[in-house]
Amino acid sequence: MKLNSHVIFLIAIVGIITAGVVGATILNNGSMKQVDFDGIKVSVPADSNFVKTADGYADSKYGIAINTFKNNDSVVNYLKSKSGASVISLKNQPPQSVAFVQGDDTNVLVTNGVEAISIGAKDQGLVSDMSNTVVFSNHQKTAKPAPVIPVIAPPPHLELHHDFYLIQALIAQVNTQEFNVGLFETNINTTINDYNVAADTNTLSEYTANEFAQNMPSDNGVVNNNQQNTSLLDNQNVSNVVSSISSDNPSNGNSAGGDSGAVASSSSDGNSPIPSVAPDANTNHNPTGSASSSSGSSVSSSGSSASSGSSASPSSSSASSSGSGSPSEKQKITSTDAKNAALAKYPRAQVKNVDEKGDYFLVSLKDSSGLHKVKVDAYSGKIL
């Protein structure tokens, strides 16, 4: 088969950029490291130091609590124990997961249908970032749909009954005041809608951008944006090249119930995404990809006791308590906070969309009187 000259050129350019991406990964992975928790790997802050606790793992510097589960019954018991928790819609939440707030902490629990992991911390952006780097023991990774290749593939979308059916089935078993299918669907549909809007408006790179590295300064006050990036199509340079060439080619038409046990160890495996799991809860999903290699270094089990809270507060509470200072020094509220502020003005309305516009959120609502657009300050949460 004779290859089109555009295709040959594309392969050559992608190959060159790939080499650059690999080099950049080796040099710029200082802010996060991959750690193994009972066979489930997660990328965590490079300067974190996890210790084994009675019911999981904890890091005192960032207040991170991690619990692992090796069967669905332990997941159900864990969620049933979360009295007073509130299910939320979390930006950039991975498939097959539920996000919830308890006390000052935010948690994301993600499952592959066989095992699960709960990640909690006070920094909501950090929790979101870590939850998108999970690699289960069968090498399956938390992942959004594959990035779009212009013309060749349609935009990636999240779907409730395809990307969240496993976690939905577990929540149906829990069926408490805090965790039930109705609450879950209400909140996860907001996350799904936000992601799909970003996909349709070509703003996925901003929507899925690492929040923790952008907001968390290093010890000397300098923001560290270095993060492992082993997914080629996540690299904007590659996306731009693919888009440009394709458009020129006319032929392209645990707290309770946790099963944590082993001591965590560092690993060099990346966190690039894989396709979403197929909707079959009875199969053991094992997408393609090589196994992550462990470096063998162990996490110290000694030292001061760490916070074992397994849930993290919304970023809005940080913003509201930050006191005086310019907006750039404050942490923004979440899209959920903006939605709730707008609903306070129009309590009977249905939220159609929440768009972040820099210093404010634009919330679109519809009720019996028609369509409304409400501006909500991105830092104070007040209606403008």
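Residues numbered from 1 in each chain as written. Predicted model: local features only at pLDDT ≥ 70, side-chain atom pairs only at ≥ 80, totals over all residues. Heavy atoms only, no water.

(A) Representation of the environment of Ser137. Here Ser137 shows up in the loop between helix H3 (124–131) and helix H4 (160–163). Distance in space between the C-alpha atoms of Ser137 and Ile40 is 5.3 Å, their sequence separation being 97 residues. Aside from chain neighbours lying at most four places away, what touches Ser137 is Gly39 and Glu115. At 2.7 Å, the side chain of Ser137 forms a polar contact with the side chain of Glu115. (Helix = DSSP H or I, 4+ residues; strand = E, 2+ residues; numbered from the N terminus. Contact = heavy atoms within 4.5 Å. Polar contact = N/O pair within 3.5 Å; in protein donor to acceptor, adjacent residues only side chain to side chain.)

(B) Just the packing of aromatic side chains, in detail. According to the stated counting rule, one finds six aromatic pairs in the structure shown. Pairing Tyr195 with Tyr207 gives two aromatic rings, centres 6.0 Å apart and planes at 75 degrees, and the pair type is edge-to-face. Here Tyr207 lies in helix H7 (residues 204–207) and Tyr195 lies in helix H6 (residues 181–200), a separation of twelve residues in the sequence. With respect to class, Tyr195 is no different from Tyr207; both count as buried. (Phe/Tyr/Trp six-rings, centres within 6.5 Å; stacked < 30°, edge-to-face > 60°. Buried < 20%, exposed > 50% of the residue type's maximum accessible area, 1.4 Å probe, protein only.)

(C) Seen up close, the packing of helix H5 (residues 165–174) against H6. Their axes nearest at 9 Å, the elements H5 and H6 cross at an angle of 150 degrees. In terms of their interaxial angle, H5 and H6 are classed as roughly antiparallel. Across the interface between the two elements, Ile167, Gln168, Ile171 and Ala172 from H5 touch Val181, Phe184 and Glu185 from H6. Looking at the contact of H5 with H6, its residues break down into five nonpolar, one polar and one charged. (Axes fitted to C-alpha atoms, helices over the stretch in contact; angles between N-to-C directions. Parallel < 35°, antiparallel > 145°, perpendicular 65-115°, else oblique. Nonpolar A, V, L, I, M, F, W, Y, C, P; charged D, E, K, R; others polar.)

(D) Geometry of the nonpolar core. Ranked by size, the top nonpolar core spans 27 residues in total, and within it Leu79, Val98, Leu109, Phe164, Ile167, Phe179 and Phe184 carry the most contacts. Those elements that place two or more of their residues in this core are helix H2 (72–80), strand S7 (97–102), H5, H6 and H7. With six residues, the single largest contributor to this core is H6. Excluding anything up to four places from it in sequence, Phe184 contacts Val87, Ser97, Val98, Leu160, Phe164, Ile167, Gln168 and Ile171. Core analysis: the next-biggest nonpolar cluster, separate from the first, contains 26 residues, Phe37, Ile40, Ile64 and Leu90 among them. (Core = buried A, V, L, I, M, F, W, Y, C linked by side-chain atoms within 4.5 Å.)

(E) H5, seen in detail. The buried count for H5 comes to seven of ten residues, which makes it a mostly enclosed element. When we look at burial in H5, the residues that qualify are Tyr165, Leu166, Ile167, Gln168, Leu170, Ile171 and Val174. Where H5 is buried, its residues touch H2, S7, strand S8 (105–111), H4 and H6. Taken from the residues just after H5, Asn175 is the one with a positive phi, measuring 50 degrees.

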